[in-house]
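Here is how the chains run, residue by residue.
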Amino acid sequence: MQIAINASMIHLERQVTAISELDDIDTLVAAYWPRVLRYVTFSIGDADLAQTITQDCFLKAYKGRASFRGDCAVSTWLISIANNLIRDQLRLKKFQFWRKAEATSLDVTEMASFLPSDESSPERRLLTQERTEQVKAAIDLLSVNQRKIFLLRFFEGLNIEEIAESTGMPVNTVKTHLYRGISAIRASLGEGQ
């Protein structure tokens, strides 16, 4: 009984902290914008559309902050909102316009040359850029669910339970998609299991 009371108090404290965090939009954006934007950008491959979706995500979170139950971390809740917005984009077929505009937009793989490295030699930067392009091409070949779960796990650092919470999938389904995604990327890159 004491354990149940302590768990309830911890849940209530976490919920109060998250709600107060959600009340200040500037703090919320400063804390989570880069993470959500990075996830959305890699999920859809279009920096301009990712900016729009990320803005919509924070707007929805701020407007819906009263509905936040505190069952998960704020970052997990934001990723869940972003997933819904990405799914809405796919459902509404608005992606067709953005794919046509892709030729004029900033390519995510070009950003690889700006990544810090231990060595600043041109050869090292070129190798990093080529490897990034190979990984991006391999990610693009994954199914929608495999790509989403792979990005959440390795780009955003979410654990399996957080991914399941933010995507609404059962934990075992998440594990299956992650395993198949990793296997497909390794095969595409010519690496062994």
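Residues numbered from 1 in each chain as written. Predicted model: local features only at pLDDT ≥ 70, side-chain atom pairs only at ≥ 80, totals over all residues. Heavy atoms only, no water.

## Focus on the overall build of the chain
Each helix and strand counted, the chain has 9 helices and 0 strands in total. Helices and strands appear in the chain in the N-to-C order α-α-α-α-α-α-α-α-α. With an accessible surface of roughly 11,700 Å², the chain has 55% of that area assigned to carbon and sulfur atoms. (Helix = DSSP H or I, 4+ residues; strand = E, 2+ residues; numbered from the N terminus. Areas by Shrake-Rupley, 256 points an atom, 1.4 Å probe, with all protein chains shown as cover.)

## Some remarks on the packing of aromatic side chains
Going through the model one piece at a time under the given rule, you end up with 5 aromatic pairs. Between F42 and F155, the ring centres sit 4.6 Å apart and the planes meet at 50 degrees, which makes this aromatic pair tilted. With F42 in helix α2 (residues 25-44) and F155 in the loop between α7 (144-154) and α8 (160-167), this residue pair connects regions lying 113 residues apart in the sequence. For F42, a relative accessible area of 26% gives the class partly exposed. An aromatic cluster is present here, built from F42, F150, F154 and F155 joined pairwise through their rings. The side chain of R153 reaches across the aromatic face of F154, ending 5.7 Å from its centre. (Phe/Tyr/Trp six-rings, centres within 6.5 Å; stacked < 30°, edge-to-face > 60°. Buried < 20%, exposed > 50% of the residue type's maximum accessible area, 1.4 Å probe, protein only. Lys NZ or Arg CZ within 6 Å of the ring centre and 35° of its normal.)

## Observations concerning α8
Restricting attention to buried positions, one finds in α8 the residues I160, I163, A164, S166 and T167. Contacts made by the buried residues of α8 are with α4 (74-91), α7 and α9 (171-189). Of the residues flanking the start of α8, the one acting as N-cap is N159, its side-chain oxygen 3.1 Å from the backbone nitrogen of E161. Just beyond α8, the residue with positive phi is G168, at close to 80 degrees. (Contact = heavy atoms within 4.5 Å. Polar contact = N/O pair within 3.5 Å; in protein donor to acceptor, adjacent residues only side chain to side chain.)

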